[in-house]
Amino acid sequence: MIELSIDGMPVRVPPGTSIMQAAHAVGVDIAKLCATDSLKAFGSCRLCIVQVEGRRGLPASCTTPVEPGMVVRTQTPQVARVRRNVMELYISDHPLDCLTCAANGDCELQDMAGAVGLREVRYGSDGANHLVAEKDESNPYFTFDPTKCIVCSRCVRACDEIQGTFALSITDRGFASKVSAGMNEGFLASECVSCGACVQACPTATLTEKSVIEAGQPDRTVKTTCAYCGVGCSFEAQLKGNDVVRMVPATDGGANEGHSCVKGRFAWGYATHADRVLSPMVREHITDNWRQVSWGEAIDFAATKFAGIQRRHGRDAIGGVSSSRCTNEEVYVVQKMIRAAFGNNNIDTCARVCHSPTGYGLKQTFGTAAGTQDFKSVAHADVIVVIGANPTDAHPVFAARMKRRLRQGAKLIVIDPRRIDLVRSPHIRAEHHLQLRPGTNVAVINALAHVIVTEGLVNEAFVDARCDARSYAQWKAFIAQPEQSPEATEAYSGVPASDIRAAARLYATGGNAAIYYGLGVTEHSQGSTMVLGIANLAMVAGQIGRDGTGVNPLRGQNNVQGSCDMGSFPHELPGYRHISDDATRNTFEQAWNVALDPEPGLRIPNMLSLALSGQFRGMFIQGEDLAQSDPNTLHVTSALSAMECVVVQDLFLNETAKYAHVFLPGTAFLEKDGTFTNAERRINRVRPAMPPRTGMHEWDAVCRLATALGYPMHYQAAAQIMDEIASLTPTFSGVSFEYLDQVGSVQWPCTAESPLGTRIMHEQHFVRGRGRFLVTQYVPTEERSTRKYPLLLTTGRILSQYNVGTATRRTANSVWHPEDILEIHPHDAEVRGIGTGDGVLLSSRKGDITLHAQVSDRVPEGVVYTTFHHPENAANVVTTEFSDWATNCPEYKVTAVEVQPVD
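J.: Could you clarify how one ought to interpret the overall build of the chain in this entry?
T.: When helices and strands are counted, the chain shows 28 helices and 36 strands. Taken against the 2.2 N^0.38 rule, which gives 29 Å for 903 residues, the C-alpha radius of gyration of the chain at 29 Å falls within 12% of a compact globule. If one aligns the C-alpha atoms of the chain with their principal axes, the spans along those axes are about 90 × 70 × 65 Å. Expressed as a percentage of its 903 residues, the buried residues of the chain come to 63%. The contacts of the chain with a sequence gap of at least 6 include a subset with a gap of at least 24, amounting to 72%. On the chain, roughly 32800 Å² of surface is accessible, and the fraction owed to carbon and sulfur atoms is 49%. Taken as two groups, the 83 positive and 96 negative side-chain charges of the chain have centres that lie 3 Å from each other.

J.: Would you take a moment to explain the packing of aromatic side chains for this structure?
T.: What the rule picks out here adds up to 21 aromatic pairs. When the ring of Tyr228 is compared with that of Tyr270, the centres are 6.0 Å apart and the planes differ by 65 degrees; the resulting orientation is edge-to-face. You can see Tyr228 sitting in the loop between strand S9 (220-225) and strand S10 (234-240) and its partner Tyr270 sitting in the loop between helix H7 (262-266) and strand S12 (281-282), a full 42 residues away along the chain. You can call Tyr228 buried: its relative accessible area is 3%.

J.: Where do I start with a nonpolar patch on the surface in this structure?
T.: A cluster of nonpolar side chains, contributed by Leu89, Val121 and Tyr123, occupies part of the molecular surface with about 260 Å² of accessible area. In this structure, Val121 sits in the loop between helix H3 (108-115) and strand S5 (142-144).

J.: Can you help me understand the sheet that holds strand S34 (residues 848-855) in this one?
T.: Two pairing modes exist for strands in a sheet, parallel and antiparallel, and in both the strands are linked by backbone hydrogen bonds. With mixed pairing, the 6 strands of this closed barrel are ordered in space as S31-S35-S32-S34-S33-S36. When strand polarity is set aside, the average angle formed by the axes of neighbouring strands in this sheet is 45 degrees. As paired strands, strand S32 (residues 821-824) and strand S35 (residues 863-867) are joined by 2 bridges and run antiparallel to one another. If you follow Ile824 over to S35, its bridge partner there is Val864.

J.: Looking at this structure, how should I read the pairing of strand S6 (residues 168-171)?
T.: The side chains of a regular strand alternate between both faces of the sheet. Judged from the 4 bridges that link them, S6 and strand S7 (residues 178-181) form a sheet pairing that is antiparallel. Across the sheet, Ser169 pairs through a bridge with Ser180, a residue of S7. Where S6 folds back onto S7 in an antiparallel hairpin, the turn is made up of 6 residues, including Asp172, whose phi is positive at roughly 65 degrees.

J.: Help me understand the nonpolar core in this model?
T.: Generally speaking, soluble globular proteins have nonpolar side chains that are buried together. Of all hydrophobic cores here, the largest spans 70 residues; its most connected members are Phe142, Phe187, Leu207, Ile384, Met402, Leu412 and Leu670. It is helix H12 (residues 396-407) that contributes the most residues to this core, 4 residues altogether. Excluding anything up to four places from it in sequence, Leu412 contacts Ile384, Val386, Leu406, Leu422, Ile428, Ala430, Glu431 and His432. Formed by 68 residues, the second largest nonpolar core is a distinct cluster that contains Ala340, Phe342, Phe569 and Met713.

J.: Which parts of the structure should I look at to understand the pairing of strand S16 (residues 383-387)?
T.: Extensive coverage of S16 is indicated by the burial of 5 of its 5 residues. As defined by bridge partners, S16 adjoins strand S17 (residues 411-415) across 5 bridges and the pair is classed as parallel. Paired with Val383 across the two strands is Lys411, which belongs to S17. Taken together, the 5 bridges between S16 and strand S21 (residues 513-517) define a ladder with parallel strand orientation. Paired with Ile384 across the bridge in S21 is Ala514.

J.: Explain the sheet that holds strand S11 (residues 243-249) to me, please; I cannot follow it from the model alone.
T.: Pairing within the open sheet is antiparallel, and its 3 strands lie in the order S9-S10-S11. The open sheet has two edge strands, S9 and S11, and neither has a second partner. On average, each strand axis in the sheet is inclined to that of its neighbour by 30 degrees, with strand direction left out of account. Judged from the 6 bridges that link them, S10 and S11 form a sheet pairing that is antiparallel. Its bridge partner being in S11, Glu236 is matched across the sheet by Val248.

J.: Just checking my understanding: could you explain the pattern of salt bridges for this structure?
T.: Once their charged atoms are close, side chains differing in charge can pair, the charge on each being opposite to the other. The final tally for this structure, using the stated rule, is 47 salt bridges. Of the charged contacts, one joins Glu455 and Arg501 as a salt bridge, the two residues approaching to 2.8 Å between their closest N and O atoms. With Glu455 in the loop between helix H13 (441-454) and helix H14 (460-466) and Arg501 in helix H17 (residues 497-509), this residue pair connects regions lying 46 residues apart in the sequence. A salt bridge links Glu680 to Arg682; the shortest N-O distance between them is 2.6 Å. Glu680 sits in the buried class, given a relative accessible area of 1%. We classify Arg682 as buried; its relative accessible area is 8%.

J.: Would you explain unusual backbone geometry in this entry?
T.: Here the amide bond leading from Trp748 into Pro749 is cis, since omega sits at 5 degrees, within 30 degrees of zero. On the secondary structure map, Pro749 appears in the loop between strand S30 (745-747) and strand S31 (791-796). Here the phi dihedral of Asn803 falls at roughly 50 degrees; this positive angle occurs in a residue that is not glycine. In this model, Asn888 sits at a positive phi of 70 degrees, which is unusual for a non-glycine residue. Position of Asn888 relative to the elements: it lies in the loop between S35 and strand S36 (895-901).

J.: Please explain the state of the cysteines as it appears in this structure.
T.: Cysteine pairs can be covalently joined through their sulfur atoms, and such a bond is termed a disulfide. Throughout the structure, instances matching the rule amount to 0 disulfides. Free cysteine: Cys198, not disulfide-bonded; nearest cysteine sulfur from Cys192 at 5.6 Å. Judged by its relative accessible area of 7%, Cys198 falls in the buried class.

J.: Whenever I open this one, the packing of H13 against helix H19 (residues 527-540) confuses me. Can you help?
T.: Packed helices, taken two at a time, are described by the angle their axes make and the gap between the axes. At a minimum axis separation of 9 Å, H13 and H19 run at an interaxial angle of 15 degrees. Taken together, the axis directions place H13 and H19 in an arrangement best described as roughly parallel. Here H13 and H19 pass one another in a crossing that is left-handed. The segment H13 lies against H19, with Asn441, Val442, Ile445, Leu448, Ala449, Ile452 and Val453 engaging Thr529, Met530, Gly533, Ile534, Leu537 and Val540. Across the contact of H13 with H19, the residue classes break down as 10 nonpolar, 3 polar and no charged.

J.: For this particular structure, what's the right way to read H13?
T.: Spacing of three or four residues puts side chains on the same side of an α-helix, whose turn is 3.6 residues. Taking 1.5 Å of rise per residue, 14 residues should cover 20 Å, and H13 covers 20 Å from first to last C-alpha, within 8% of that figure. In terms of burial, H13 is a largely internal element, 13 of the 14 residues being buried. Backbone geometry just after H13 places Gly456 at a positive phi near 70 degrees.

J.: Any chance you could explain the side chain of Arg83 here in plain terms?
T.: With respect to the secondary-structure elements, Arg83 resides in helix H2 (residues 77-92). When residues no more than four places from it in sequence are discounted, the contact partners of Arg83 are Ile30, Leu47, Cys48, Ile49, Val50, Thr74, Gln75 and Val116.

J.: Explanation requested: helix H4 (residues 154-163) in the structure shown.
T.: Within H4, 10 of the 10 residues are buried, which leaves the element mostly enclosed by the surrounding structure. Every buried residue of H4 is listed here: Arg154, Cys155, Val156, Arg157, Ala158, Cys159, Asp160, Glu161, Ile162 and Gln163. Phi turns positive one or two residues past the end of H4, at Gly164, with a value near 80 degrees.

Thresholds, definitions, all that
Residues numbered from 1 in each chain as written. Predicted model: local features only at pLDDT ≥ 70, side-chain atom pairs only at ≥ 80, totals over all residues. Heavy atoms only, no water. Helix = DSSP H or I, 4+ residues; strand = E, 2+ residues; numbered from the N terminus. Rg over C-alpha atoms; globule rule 2.2 N^0.38 Å. Buried < 20%, exposed > 50% of the residue type's maximum accessible area, 1.4 Å probe, protein only. Contact = heavy atoms within 4.5 Å. Areas by Shrake-Rupley, 256 points an atom, 1.4 Å probe, with all protein chains shown as cover. Lys, Arg positive; Asp, Glu negative; His and termini not counted. Charge placed at Lys NZ, Arg CZ, Asp CG, Glu CD. Phe/Tyr/Trp six-rings, centres within 6.5 Å; stacked < 30°, edge-to-face > 60°. Patch = residues over 30% accessible without salt bridge, like charges linked within 9 Å, V, L, I, M, F, W, Y side chains within 5 Å. Salt bridge = Lys/Arg side-chain N within 4 Å of Asp/Glu carboxyl O. Pairing = 2+ DSSP bridges. Axes fitted to C-alpha atoms, helices over the stretch in contact; angles between N-to-C directions. Core = buried A, V, L, I, M, F, W, Y, C linked by side-chain atoms within 4.5 Å. Disulfide = S-S within 2.5 Å. Parallel < 35°, antiparallel > 145°, perpendicular 65-115°, else oblique. Left-handed = near helix turned anticlockwise from the far one by under 90°. Nonpolar A, V, L, I, M, F, W, Y, C, P; charged D, E, K, R; others polar. Expected span 1.5 Å × (residues − 1).

Encoded structure:
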């Protein structure tokens with residue numbers, strides 16, 4: 001520790017601490033403009049100068065490190081005079097419209113002018129100035145007003161250091177210096193991704209949210225959690241009355257630490273969109289017009305329909321689907337209603353449609369169905385492997401964290417058919433891009449493991465100490481076979497053997513190595529096999545159980561992890577305990593005071609197939625748009641049309657609601673009271689910023705439906721539901737709303753033994769005891785390219801839109817992505833006479849759709865790619881019925897298609 005004196009007060013701080021930081025530690029706040037807690041010291045504003053005894057001049061406190069025995073004075077007549085002069089120069093070229101400025105009351109320049117005691121500006125307005133510079137209003141969410149810019153570079157540094165996009169720069173020099181977006185083409189046309197980091201960093205009104213300009217400064221704040229992707233960012237919802245003025249990322253958010261993306265930061269307007277349905281509606285037939293009714297009438301209508309179906313067709317003729325967009329508490333009561341009021345286990349969730357192979361594979365190998373690390377762990381990774389994921393588009397806040405580590409020197413391996421942004425972006429270049437053919441994941445992961453085993457790269461100490469010897473021996477004999485080698489698999493994977501060998505050596509010997517994967521792993525017929533293969537690879541290299549390592553699924557929706565935790569599968573109760581286990585079932589039967597069916601129920605595909613045969617007649621669908629998000633759309637809509645009663649609980653009349661008989665309006669995340677669980681197992685509070693516009697919480701509507709069906713379900717508040725979850729789910733036993741309000745957030749398991757949660761899983765031993773290796777035989781998908789359908793379609797997400805677009809299409813985000821586009825390789829486009837912007841017909845054996853083409857070498861020859869955010873394009877019309885062998889997770893990522901030009 002270094003000892004010094006600041007304003008006569010003794011201070012002890014670690015080496016490398018700046019004078020400004022040391023002063024703050026003893027309660028002395030030095031005036032500043034260019035410095036912030038989240039950015040590296042810059043020293044450009046000259047406002048934070050101090051006097052150091054024995055040193056000439058007035059050094060900037062933000063960039064000057066402390067030294068032993070240093071005597072610092074932050075307030076002397078000379079310091080005060082120079083600070084006022086500096087501030088006077090800033091104000092002389094700044095509009096003096098404070099009373100009408102949108103930042104009035106929230107302006108650091110205004111605050112610092114008061115702090116340094118500025119009382120007059122001696123310089124007139126004659127001569128050159130920046131007061132007539134034009135505003136850039138191109139971005140739909142914020143304004144850039146260069147007349148108020150003090151060129152502190154905070155926006156530029158935030159874009160570089162926090163987001164890593166490098167979209168902003170300071171152009172020209174001296175008096176002509178200015179902030180420029182891209183090549184000075186404006187924010188909308190530049191590489192800016194509208195994450196809001198620049199707006200957050202700006203100390204003046206130069207960068208201001210248009211919502212603040214329109215509504216004025218907020219007067220109250222509610223801390224909550226974003227309802228978009230699985231990163232689970234914490235936000236401060238800032239309001240005037242019940243109107244949200246802006247969403248500000250919380251600096252103490254465990255997942256995001258003050259950062260955000262365009263969706264969470266700005267795309268919250270859907271919550272108050274005019275399209276929202278706020279009153280319940282019913283109709284006898286799906287061809288009838290909707291009839292608005294009271295809550296009581298809607299619930300009685302649904303209960304009568306469901307009860308009648310069960311009388312005529314049996315107890316198993318109805319079921320339900322829970323949502324990964326809803327809170328843990330809302331999901332919990334839905335699965336409880338199915339089991340206790342419906343009397344069966346016909347409960348499934350959209351989480352199975354994306355990440356059920358994760359749950360199966362990791363439970364089989366490690367003993368728990370979740371990722372192993374927290375997001376901060378990536379800062380310790382020396383090698384980062386990204387498989388079948390596009391973090392910059394689908395998980396942008398985590399991607400920014402990952403990119404920071406890559407810029408510091410970590411090596412990157414990308415395994416993906418498409419050249420995602422991470423392969424080549426500013427200051428980042430992947431060491432290896434294994435551009436495999438869609439459907440050959442397992443072959444590639446086996447080849448990587450083959451190299452580690454046959455080249456003597458196994459972490460024998462880890463395997464001996466932590467893994468099951470018998471399963472390892474069986475797996476090792478399998479993986480060492482010549483047919484698993486990179487040379488043998490190259491013919492059908494398309495990945496050069498030399499590239500696989502180099503990547504495997506880097507993963508095994510390059511230091512701490514972490515694997516992050518997405519839907520490009522799970523949404524395959526061998527999705528579960530691939531997760532097993534990833535787990536095998538991590539164990540054989542000893543890359544698990546410590547910071548910078550692990551197996552980390554990047555969950556697509558905000559509560560995918562939570563909806564799985566809450567027992568939304570037909571074979572599992574909350575906490576991933578099988579319904580057939582007598583002891584577990586008995587615990588729930590006693591708590592719920594009802595006998596439970598010991599047999600697993602139906603998954604969504606089973607429900608839909610049985611609906612077409614007349615055996616399944618009714619479905620409760622919570623916050624899920626099956627008609628747009630599930631594969632083989634025509635099959636889905638035919639099944640929904642065949643049902644006698646479909647109840648949809650949602651914000652909007654989505655595609656599925658076209659086939660519904662009852663519509664129960666849902667609550668937006670700004671109205672919810674509960675918790676979300678993100679991809680790192682972090683349980684975050686979701687607090688209501690406003691009362692439900694529908695007049696009823698979603699969980700309350702479900703409880704009333706269960707009660708109308710003859711099973712009483714009553715809770716006074718969402719906190720009571722979490723208390724019940726904690727009492728019945730061991731990994732949540734230490735969780736309550738009151739506790740989360742105290743500590744912020746926790747990662748399960750949160751128990752008496754680990755009251756603050758668990759950052760890293762499997763540190764000393766695996767949850768199942770010893771890690772289990774499993775043989776992962778590569779089995780080619782039944783979906784093959786043919787002469788009629790010679791191309792392979794794979795799908796993914798884009799930054800500005802989210803999932804099926806129900807929310808983001810009702811915001812200004814559509815400026816960036818108004819329709820889904822088909823990416824096609826230049827060779828495939830040329831032989832078909834297709835150019836960028838041309839209309840194309842995309843056909844598979846299941847159906848056809850039309851899109852516009854974009855000729856791009858981001859996809860390899862023989863592969864086409866599109867997103868699935870717009871119902872008008874309906875990408876899932878062409879996807880097939882094939883699914884994962886263990887979990888029925890649909891095979892979205894491999895569809896044989898043909899592309900033809902159309903008018």
